[in-house]
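The residues making up each chain are set out below.
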Amino acid sequence: MHGILLQDLARSFLGERLRQEAEHTLLQFHQGHLSTQLWQAESPALQVFHHLYVLELDGEITTSHPRWLETLVPYLEGEDEALDVVSSGERHLLVYRKRFEFDGRSGVLLIGEDFGQVEDGLDALHWWVGGIAGLLLVLLIGLNMMAVNRALRPLSRLRRQLDELRSGTRERLQLDTPSELDALVAQLNRLMDEHARRLQRSRESLANLSHALKTPLTAVIQVLRGSRPIDPERREKMRRRLEDMHAQLDTELKRSRIAGPNAGQRANVRHEAEQLVEMFSSLYPDRSFRLDIDASVPVSVSVERQDFAEMLGILLDNAAKWASREVHCRVRQDTSLALWVEDDGSGVAPGDMGRLGRRGTRLDEGKPGHGLGLAILRQIVERYAGQVRFEPSPEGGLRVEVWLPLSEAG
């Protein structure tokens, strides 16, 4: 492309110069400063020019270079001005044709210039340009390989640190990486932190179960192994102890199932909420459940499905136990994802609001339960960096609000 463009530029430049010289020559001819005899090769008037001339006037042809005449005669034909490249052997001429009228006679003037010298110069320029371009290409390839190798060094360090993580000699990734890898390293560190938290939570659950169940189980076993008859009072004590053990097991199992915000799963808000409302409607047929989901709520949020179902299920179950007739559930979004559940029951005294959500706290022993639901709810919400608020409901009962930050909840 470089050669084609340069050759076309040179041809256009020389062609314009030949056209101007042709017009100047014909002007001199019309003004009488030149005659047909001056077109002969031996004419000293033509020696000031460095071109080839062919003149045809009323069929008479004269030329400054007779050896080119046979080659150039065919180019005298034609009505229009033209610029052609004429070859003879190894020589190339750039020839311009100009038609004119003189004293009622028609004529044709051809002016040619050796184009071979220009082509030789262009060839030399092509070699120079090609050599420079080749050097630049080699330099760019080298720089590109250096840049790629430098960019891949963090990946090699990442691979080594991952091997160290697998072997247990490292706990977190520590890399000075390009900005493109920052999110990857941060996500890997979050996953490892989440894995460590789950492991710690499992160990704590096992320790809690071991401490909480060992003594009651020993007491029950001793009663069953003894020869004394089990009277109603002792039977009731055993029943309460077994129920406490069951509640403890249920609580620790729910805690162990909390996935947290880094589980990489999403919950379908409308689908999960409608299923839970339908299930609790069948469990509490004498209660009316109303579900409102704002249009601003996305179809899915970055909350693990079981965590979302656990939170909303605890809210609906707690409200259904204390409601008189109606439970209202609303899901909306502004700066956070909000879950509101309220009932029309007797409510909670203002002085007892601060006690809600504490582990094992029951404000009314007349309803079934172990006071663990709201405590588990708090644990799940805290895992998502959210908040739980308790306040009186306009319907007279209790309103529980759960707020999950959009940055974590989607």
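Model, not experiment: these values are computed from the prediction.

How each quantity is defined
- Residues numbered from 1 in each chain as written.
- Predicted model: local features only at pLDDT ≥ 70, side-chain atom pairs only at ≥ 80, totals over all residues.
- Heavy atoms only, no water.
- Helix = DSSP H or I, 4+ residues; strand = E, 2+ residues; numbered from the N terminus.
- Phe/Tyr/Trp six-rings, centres within 6.5 Å; stacked < 30°, edge-to-face > 60°.
- Buried < 20%, exposed > 50% of the residue type's maximum accessible area, 1.4 Å probe, protein only.
- Lys NZ or Arg CZ within 6 Å of the ring centre and 35° of its normal.
- Pairing = 2+ DSSP bridges.
- Axes fitted to C-alpha atoms, helices over the stretch in contact; angles between N-to-C directions.
- Contact = heavy atoms within 4.5 Å.
- UniProt positions renumbered as here; feature names shortened; annotations may be inferred.
- Parallel < 35°, antiparallel > 145°, perpendicular 65-115°, else oblique.
- Left-handed = near helix turned anticlockwise from the far one by under 90°.
- Nonpolar A, V, L, I, M, F, W, Y, C, P; charged D, E, K, R; others polar.
- Salt bridge = Lys/Arg side-chain N within 4 Å of Asp/Glu carboxyl O.
- pLDDT = per-residue confidence, 0-100.

**A short note on unusual backbone geometry**
You will see that A385, though not glycine, has its phi angle at about 60 degrees, which is positive. Relative to the helices and strands, A385 resides in the loop between α8 (373-383) and β11 (387-392).

**Concerning the packing of aromatic side chains**
Tallied over the full model, the rule gives two aromatic pairs. Relative to Y284, the ring of F280 has its centre 6.4 Å away and its plane inclined at 15 degrees; by these criteria the two rings are stacked. The residues F280 and Y284 share a single accessibility class, namely buried. Ring plane angle 70 degrees and centroid distance 6.5 Å describe the contact between W340 and W403, whose orientation is recorded as edge-to-face. Of the two residues, W340 is situated in strand β10 (residues 336-343) and W403 in strand β12 (residues 398-405); the sequence distance between them amounts to 63 residues. This pair shows no difference in class: W340 is buried, exactly as W403 is. Positioned above the aromatic ring of W340, the side-chain terminus of R330 is 5.4 Å from the ring centre. The aromatic ring of W340 is capped on one face by R399, whose charged end is 4.7 Å from the ring centroid.

**Concerning the side chain of E342**
For E342, the location among the structural elements is in strand β10. When its relative accessible area of 11% is taken as the criterion, E342 is described as buried.

**A closer look at the sheet that holds strand β9 (residues 326-333)**
Strands sit in the order β7-β9-β10-β12-β11 across an open sheet of five strands; the sheet is mixed. Looking at which strands have only one partner, the edges of the open sheet turn out to be β7 (288-293) and β11. Strand-to-strand, the axes of this sheet are offset by a mean angle of 15 degrees, without reference to chain direction. Along the sheet face, helix α6 (residues 269-283) touches β7 and β9 and points at about 175 degrees away from the line of β7. Running over the sheet, helix α7 (residues 305-322) touches β7, β9, β10 and β12 and is turned about 20 degrees from β10.

**Details of the UniProt feature "transmembrane region" (unreviewed entry) in the chain**
UniProt marks residues 127-152 with the feature "transmembrane region" (unreviewed entry), using the numbering shown here. Overall, residues 127-152 shows 100% helix and 0% strand. The separation of its end C-alpha atoms is 37 Å.

**So, the pairing of β10**
Here β10 lies mainly inside the structure; eight of its eight residues are buried. In terms of strand pairing, β9 meets β10 through seven bridges, oriented antiparallel. Note on β10: the bridge partner recorded for R332 is A338. Hairpin geometry of β9 and β10 is characterised by an intervening segment of two residues between the two adjacent antiparallel strands. Bridge count for β10 against β12 is seven bridges, and the pairing is antiparallel. Pairing of S336 across the sheet is with P405, part of β12.

**Re the packing of helix α1 (residues 2-30) against helix α3 (residues 116-167)**
Contact pair α1 / α3: the axes reach a minimum separation of 11 Å and the direction vectors enclose 150 degrees. It follows from the interaxial angle that α1 and α3 lie roughly antiparallel. Considering the relative orientation of α1 and α3, their crossing is right-handed. Mapping the contact onto sequence places H2, G3, L6, Q7, A10 and L14 in α1 and V118, E119, L122, L125, H126 and V129 in α3. Within the contact of α1 with α3, the residues separate by chemical class into seven nonpolar, four polar and one charged.

**Points about the sheet that holds strand β1 (residues 52-57)**
With antiparallel pairing, the five strands of this open sheet are ordered in space as β2-β1-β5-β4-β3. At either margin of the open sheet sits one strand with a lone partner, and together these are β2 (60-63) and β3 (82-88). On average, each strand axis in the sheet is tilted by 20 degrees relative to the strand beside it, whichever way the strands run. Pairing analysis gives six bridges linking β1 to strand β5 (residues 105-114), with the strands arranged antiparallel. Bridging across to β5, L55 finds its partner in L109. Those strands touched by α1 are β1, β3, β4 (91-102) and β5, and its axis lies near 35 degrees from that of β4.

**A short note on the pattern of salt bridges**
For the structure on display, the rule yields 15 salt bridges. With a shortest N-O distance of 2.5 Å, E16 and R19 are connected by a salt bridge. You can see E16 and its partner R19 sitting in helix α1, three residues apart, about one turn around the helix. For E16, a relative accessible area of 34% gives the class partly exposed. Here R17 makes a salt bridge to E113, at a shortest N to O gap of 2.5 Å. Taken as a pair, R17 in helix α1 and E113 in strand β5 lie far apart in primary sequence, 96 residues in all. A network of salt bridges, in which partner residues are shared, links E342, R389, E391, R399 and E401.

**What to know about the confidence of the model for the chain**
On average, residues of the chain score 78 in pLDDT, and 82% of them reach the 70 mark or higher. Taken element by element, the chain is modelled with least confidence in helix α9 (residues 406-409), mean pLDDT 52, and with most confidence in β7, mean pLDDT 92. A low-confidence stretch, residues 360-370 stays under pLDDT 50, and its non-local contacts, those more than four residues away or across chains, total 22 contacts.

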